[in-house]
Every structure is written in C-alpha cells, then in structure tokens.
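A look at the structure
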Amino acid sequence: MKQRKRMFKLSTILFLSASIMAAYAADEVRTAPVQPPKLGGGIAQEKTVPVILSGAWSGKRLADGQPDISGHWSNTISNHSNFTDPQGRIPGEPVRAGTTQRPLGAREDRAPSRVSDPADGQVPFQAWALEKVKEFQVGFQNPTSPEYIEPLARCAPAGIPKSLYWHGYEIAQYPGYVVFFFSSGTRIIHLNGKPHLPENIKLWNGDSRGHWEGNTLVVDVANHNGKALFGRSGEFISENGHIAERYIFDSKGLRYNYVAEFTDPTVYTRPFTVTIPARKWTEKDKPNGWHFEVEPANTGNRELVLDRFERICTENNGGFGLGAASTGK
C-alpha cells in the first residue's frame with residue numbers, strides 16, 4: 001500500500017512535469033562536533049554541524065542501486081528564521097504588545113551562520129543587492145508593496161535553500177529519481193542524465209539534475225525564477241544563479257550535511273557556500289509541528305504509514321519563531 005501510494009504521488013508529479021518537459025525534444029565538512037538532538041520538539045535542535053566525509057556508501061541500497069536515504073528529515077539548527085543568524089531574531093522584528101523578547105545572549109553562543117564560506121558568515125552581496133535585502137527587512141514588518149510579502153504567504157514554493165529549513169520534509173526515491181515532498185511544494189531531482197530545461201523555463205525550486213558519488217548526492221540546479229527568498233531576512237538568488245549541491249550522508253543514513261556553492265555574478269561579488277545539517281526522524285520520535293509533522297494513516301492495522309500534514313499559508317505572513325516575542329508561559 002505504501003509503495004502504491006508513493007508511486008501515485010510520483011506519477012502525478014511526473015505528469016505535471018511532463019507537460020513542461022514536452023516543450024523541448026574526496027570533499028570534507030570540517031566543523032564542530034555534533035551534539036545529541038533534542039527529540040521533543042522546539043525550533044532550535046542543535047548548535048553545531050557534524051563531521052560527515054564524502055566517500056563510499058556502506059548502507060542499504062535500493063533495487064536501482066541508489067543508497068537508501070528515503071524517510072522523514074529536518075534540519076537540526078532552526079526553522080523559520082534569520083538566514084545568517086539561524087538562532088537569532090528576524091531583522092527589525094517588533095515586540096508585540098503584552099509580550100517580552102527572549103534574551104539571545106552572545107552571538108558565539110548561538111548556531112553559526114548557514115553561510116560557511118566566506119568566514120564572516122555573510123552573503124557577499126553586490127551593493128545594489130544588499131540594499132534590496134535591507135529594504136525587504138524594513139518592508140516585511142509593514143508591507144506596503146507585494147515585493148515585501150513573504151512568497152510563502154501566497155502558497156508559493158519555498159525555493160532553495162529555504163525548503164530545507166522551513167519545516168520537516170519527506171524524501172522518497174524511485175528508479176532514476178529522488179523526490180522531496182516539502183510542506184510548500186515538491187522538488188524532483190532527475191538522475192537519468194537528461195539535460196536541463198530550456199533557459200526560458202524558470203521554476204521556484206529550479207531544475208535539478210543529479211547523480212550519486214558514493215555516499216554523496218551531487219545535484220546541479222539551474223532555471224531559477226528569482227522570486228524565492230532564503231528566509232524572512234530577505235536574501236535571494238536571481239534568474240541568473242546557479243547552485244552546485246552536495247548531500248553528504250553518513251553510513252547509517254541517519255544524518256546528512258547539505259553543502260552547496262551559490263554562484264550569481266549579477267547578485268554576488270563572489271561564489272559562497274551554504275552548509276545545513278539534517279537528521280532523519282522515524283516512528284520512534286515524537287511528532288512536533290516544526291520538524292516531524294506526521295500522524296499514522298488509517299491502514300486497517302496493517303503496515304505503518306506516516307502521513308504528513310499540509311500546512312496553511314497564512315502562518316508565513318509575519319515574523320515568528322525562535323526570535324519571536326514570548327509571553328513567558
């Protein structure tokens with residue numbers, strides 16, 4: 001039943017993709033040691049990134065030879081938050097009436113920036129682009145123009161890399177494909193060697209073509225529509241951008257590090273690297289509304305199937321999360 005359900009989901013997605021397609025005939029992650037995850041929920045799970053080396057895959061494989069990495073996943077640092085200060089506040093976030101803000105403490109006591117290179121943890125924006133980011137940060141708190149509204153508030157896909165740290169998600173695998181089921185859209189990674197879509201076709205999540213190198217899923221992402229944001233702090237990539245991704249899985253298939261180089265000569269002064277740690281969630285974990293949004297499906301007491309919730313868009317209309325105001329309850 002579970003396999004039939006997944007195949008139905010994929011066939012539907014591929015059908016929609018086909019209508020578009022028919023239009024044209026040894027690395028390392030060296031960071032601080034990992035801390036044990038807090039399984040009971042909450043936004044900030046950990047403050048560090050585990051060391052996972054690219055190399056051979058020694059775990060279970062699927063029938064088509066892919067490493068088996070299917071399941072429910074979520075980043076381990078923070079959701080819904082600042083891009084370069086993941087456990088900090090949204091820039092310009094006001095204090096709501098009758099509430100107080102949680103004290104943040106020193107910057108070094110919080111998780112590092114998702115930007116792992118350059119060393120200052122900041123996106124190397126060109127001057128005009130940095131000004132646009134600052135404008136968004138001001139306008140987001142009281143949007144007077146559509147450009148200051150978080151795209152997710154209008155049910156648009158979250159884009160890359162935001163989809164990987166907005167909520168938990170499911171990874172499913174099929175012969176020739178890896179599919180991400182996000183709470184805000186779906187992303188298909190093609191493993192069949194086909195070329196990218198024509199340049200005039202632009203997508204919220206870009207067009208992804210990948211292959212496996214041992215324990216590492218290597219993905220080339222092009223065809224961005226330039227509308228997605230990296231977070232409520234307003235960082236972005238344009239239609240001219242390119243992302244070279246590496247999903248580096250540990251030998252047990254319980255962790256992975258996302259390490260990606262972002263290049264866009266029309267927006268950035270140089271390429272930069274984003275690093276996002278993630279871990280797998282299973283039926284042994286307690287569901288929560290940030291990382292593991294599931295409930296058992298009614299299958300007549302047969303095979304356990306965990307269904308994911310579909311989230312409403314209105315939750316994305318304002319800033320909240322770790323940096324949001326707290327009533328102290």
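Residues numbered from 1 in each chain as written. Predicted model: local features only at pLDDT ≥ 70, side-chain atom pairs only at ≥ 80, totals over all residues. Heavy atoms only, no water.

A short note on the nonpolar core
The condition that has to hold: Buried Ala, Val, Leu, Ile, Met, Phe, Trp, Tyr and Cys residues that are joined via side-chain atoms within 4.5 Å together make up what is termed a nonpolar core. Throughout this description, buried means an accessible area under 20% of the type-specific maximum (1.4 Å probe, protein chains only), exposed means over 50%, and partly exposed covers the range between. Comment: elements are numbered from the N terminus, with helices defined as DSSP H or I runs of at least four residues and strands as E runs of at least two. The criterion used for residue contact is that any of the two residues' heavy atoms lie within 4.5 Å.
Phe 180, Tyr 256, Tyr 258 and Phe 262 are the most contacted members of the largest nonpolar core, which totals 47 residues. Those elements that provide at least two residues to this core are α2 (127-139), β4 (169-174), β5 (177-182), β8 (216-222), β9 (242-249), β10 (255-263) and β11 (272-281). Those residues within four positions of Tyr 256 in sequence are excluded, and the remaining contacts are Ile 52, Trp 73, Leu 164, Tyr 169, Ile 171, Phe 180, Tyr 247, Ile 248, Phe 249, Ile 276, Pro 277 and Ala 278. Among the nonpolar cores identified, the runner-up in size contains six residues, and Tyr 174, Tyr 177, Phe 181 and Ile 188 belong to it.

A short note on the environment of Gly 253
Within the fold, Gly 253 resides in the loop between β9 and β10. Gly 253 sits in the buried class, given a relative accessible area of 3%. Note: C-alpha distance between Gly 253 and Ser 70 (183 residues apart in sequence) is 8.7 Å. Here Gly 253 is in contact with Trp 57, Trp 73 and Lys 280, once residues within four sequence places are set aside.

A closer look at the confidence of the model for the protein chain
To keep things clear, this is the line we draw: Each residue gets a pLDDT score, which is the predictor's confidence in that residue and runs from 0 to 100.
The predicted model of the protein chain averages 81 in pLDDT, with 75% of residues at 70 or higher. Predicted confidence for residues 12-43 stays below pLDDT 50, and this span has 65 contacts to residues more than four positions away or in other chains. Below pLDDT 50 for its whole length, residues 320-329 participates in 28 contacts with residues either more than four positions away or in separate chains.

Description of the pairing of β10
Formally: Following DSSP output, two strands are said to pair if at least two bridges run between them.
By the criterion of burial, β10 is predominantly enclosed, with seven of the nine residues buried. Pairing analysis gives eight bridges linking β9 to β10, with the strands arranged antiparallel. Looking at β10, one finds that Tyr 247 is bridged to Tyr 258. What sits between β9 and β10 in their antiparallel hairpin is a turn of five residues, with Gly 253 showing a positive phi close to 70°.

Quick word on the pattern of salt bridges
Quick note on the threshold: For salt bridges, the criterion is a side-chain nitrogen of Lys or Arg within 4 Å of an Asp or Glu carboxyl oxygen.
What the rule picks out here adds up to 11 salt bridges. Measuring nitrogen to oxygen at the nearest pair gives 3.7 Å for the salt bridge that ties Lys 60 to Asp 68. Judged by relative accessible area, Lys 60 falls into the exposed class, the value being 60%.

Structural notes on unusual backbone geometry
At the junction of Asp 117 and Pro 118, the peptide bond is cis and its omega measures out at 15° in the coordinates. Inspection of the secondary structure assignment puts Pro 118 in the loop between β3 (115-117) and α2. Along the chain, Ile 160 connects to Pro 161 via a cis peptide bond; the corresponding omega equals 5°. Looking at the secondary structure, you find Pro 161 in the loop between α2 and β4. In this model, Asn 223 sits at a positive phi of 65°, which is unusual for a non-glycine residue. With respect to the helices, strands and loops of the structure, Asn 223 is situated in the loop between β8 and β9.

Observations regarding the pairing of β11
Judged by how many residues are buried, β11 sits mostly within the fold: nine of 10 residues are covered. Two strands pair when backbone bridges link them, and strand β1 (residues 71-75) and β11 are joined in this way by four bridges, in the antiparallel orientation. By the bridge assignment for β11, Asn 75 is matched with Ala 278. One ladder, built from two bridges, connects β3 with β11; its direction is antiparallel. Bridge pairing in β11 places Asp 117 opposite Thr 273.

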